[in-house]
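Each chain is listed here by its residues.
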Amino acid sequence: MDLGIRGKQALVCGASRGLGLGCATALAEAGVNLIINARSEGNLTKSAEMIAKTYEVDVTIAVGDITDDRERKKVLEMATDIDILVTNAGGPPPGIWQDWEKTDFLRALEANMLTPIALMKKLLPGMIEKGWGRVVNITSQSVKAPIATLGLSNSARAGLTGYVAGTARQVAYSGVTINNLLPGSHSTDRITGLLTVMSKEKGIGVKELRREMEASIPAKRLGTREEFGAACAFLCSVHAGYIVGQNILIDGGAVNVTI
Ligand SMILES: NC(=O)c1ccc[n+]([C@@H]2O[C@H](COP(=O)([O-])OP(=O)(O)OC[C@H]3O[C@@H](n4cnc5c(N)ncnc54)[C@H](OP(=O)(O)O)[C@@H]3O)[C@@H](O)[C@H]2O)c1
């Protein structure tokens with residue numbers, strides 16, 4: 001299927017590895033020129049080179065912590081004329097409710113709620129003016145079904161979800177859509193990190209924990225960044241203009257709900 005977005009310009013945050021890289025790669029395959037962001041320059045450069053060589057699109061790197069006001073401003077200075085925005089950053093650390101202090105919540109809110117909101121506030125006016133735009137926020141299945149050890153993530157992402165629900169409907173008249181993609185367990189460094197923490201707590205090996213995790217998912221496997229990226233690219237396509245303000249689970253059936 002031709003996604004109809006060849007020649008568009010996207011900013012993809014948190015895109016040197018994992019789900020962000022999956023989204024950037026799938027957009028490049030559809031002919032979209034990219035600005036990709038992450039904190040460490042080495043991985044970001046490698047990913048940019050790989051994408052540019054494979055898909056013959058322009059790929060610019062924007063190194064910086066997207067959750068930091070000053071560094072985000074620098075990234076945004078590079079991101080002029082953006083048609084497609086994919087927001088993403090690392091998720092907050094796991095823990096238990098008694099441990100989290102106000103500062104932990106503020107950090108999580110900054111990273112997983114206020115940063116995507118700031119990016120949208122800056123880039124939506126240009127999209128509205130052009131009469132076309134796409135925003136995809138990478139959130140989490142924890143929005144639909146809380147993961148107790150990820151209370152910081154549950155809280156911050158719920159805030160972003162509420163903001164998107166209202167804002168998506170305010171801008172839809174202009175041909176701009178905003179939607180959230182909710183990953184379940186995907187095979188990325190983030191999952192390996194979480195499994196390593198659980199392994200230490202439970203005294204069970206990472207491989208065994210991963211097998212247990214896979215067995216608990218109806219699809220009996222973890223998701224891949226490629227299939228996640230393909231869903232993102234479709235949401236950014238010309239065919240998805242009537243999908244507005246949705247929260248779409250990509251979780252192999254893990255969240256056991258009817259709707
Ligand atoms: N993988 C899953 O199963 C899963 C499930 C539910 C939700 N999620 C959520 O989905 C998001 C992506 O997960 P992932 O598995 O792809 O993570 P990942 O494999 O750890 O990759 C994260 C990417 O974001 C970049 N990044 C992290 N913090 C950043 C920051 N402050 N500013 C700019 N770039 C940043 C990383 O590069 P640098 O480190 O170089 O900055 C890397 O490119 C996270 O919010 C995660 O919580 C993931």
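Rules used in this analysis
- Residues numbered from 1 in each chain as written.
- Predicted model: local features only at pLDDT ≥ 70, side-chain atom pairs only at ≥ 80, totals over all residues.
- Heavy atoms only, no water.
- Helix = DSSP H or I, 4+ residues; strand = E, 2+ residues; numbered from the N terminus.
- Buried < 20%, exposed > 50% of the residue type's maximum accessible area, 1.4 Å probe, protein only.
- Contact = heavy atoms within 4.5 Å.
- Areas by Shrake-Rupley, 256 points an atom, 1.4 Å probe, with all protein chains shown as cover.
- Lys, Arg positive; Asp, Glu negative; His and termini not counted.
- Charge placed at Lys NZ, Arg CZ, Asp CG, Glu CD.
- Axes fitted to C-alpha atoms, helices over the stretch in contact; angles between N-to-C directions.
- Parallel < 35°, antiparallel > 145°, perpendicular 65-115°, else oblique.
- Left-handed = near helix turned anticlockwise from the far one by under 90°.
- Nonpolar A, V, L, I, M, F, W, Y, C, P; charged D, E, K, R; others polar.

K.L.:
I'm lost on the overall build of the chain in this one. Help?
P.N.:
Across its full length, the chain carries eight helices and seven strands. Counting only C-alpha atoms, the chain reaches 55 × 40 × 40 Å along its principal axes. Classification of the 259 residues of the chain by burial places 47% in the buried group. Sequence separation of at least 24 residues holds for 74% of the intrachain contacts in the chain that already meet a minimum separation of 6. Per element, the accessible surface of the chain, about 12800 Å² overall, is 53% carbon and sulfur. Side chains of the chain carry 28 positive and 26 negative charges; the gap between the two charge centres is 2 Å.

K.L.:
Just checking my understanding: could you explain the packing of helix α6 (residues 189–202) against helix α7 (residues 206–215) for this structure?
P.N.:
Each pair of packed helices gets described by two things: the angle between the helix axes and the distance between those axes. Between α6 and α7, whose axes approach to 9 Å, the crossing angle comes to 110 degrees. As the angle between them shows, α6 and α7 are arranged roughly perpendicular. The handedness of the crossing between α6 and α7 comes out as right-handed. Where α6 abuts α7, its residues I191, L195, T196, M198, S199 and K202 lie against V206, L209, R210 and M213. Residue composition of the contact of α6 with α7, grouped by class: six nonpolar, two polar and two charged.

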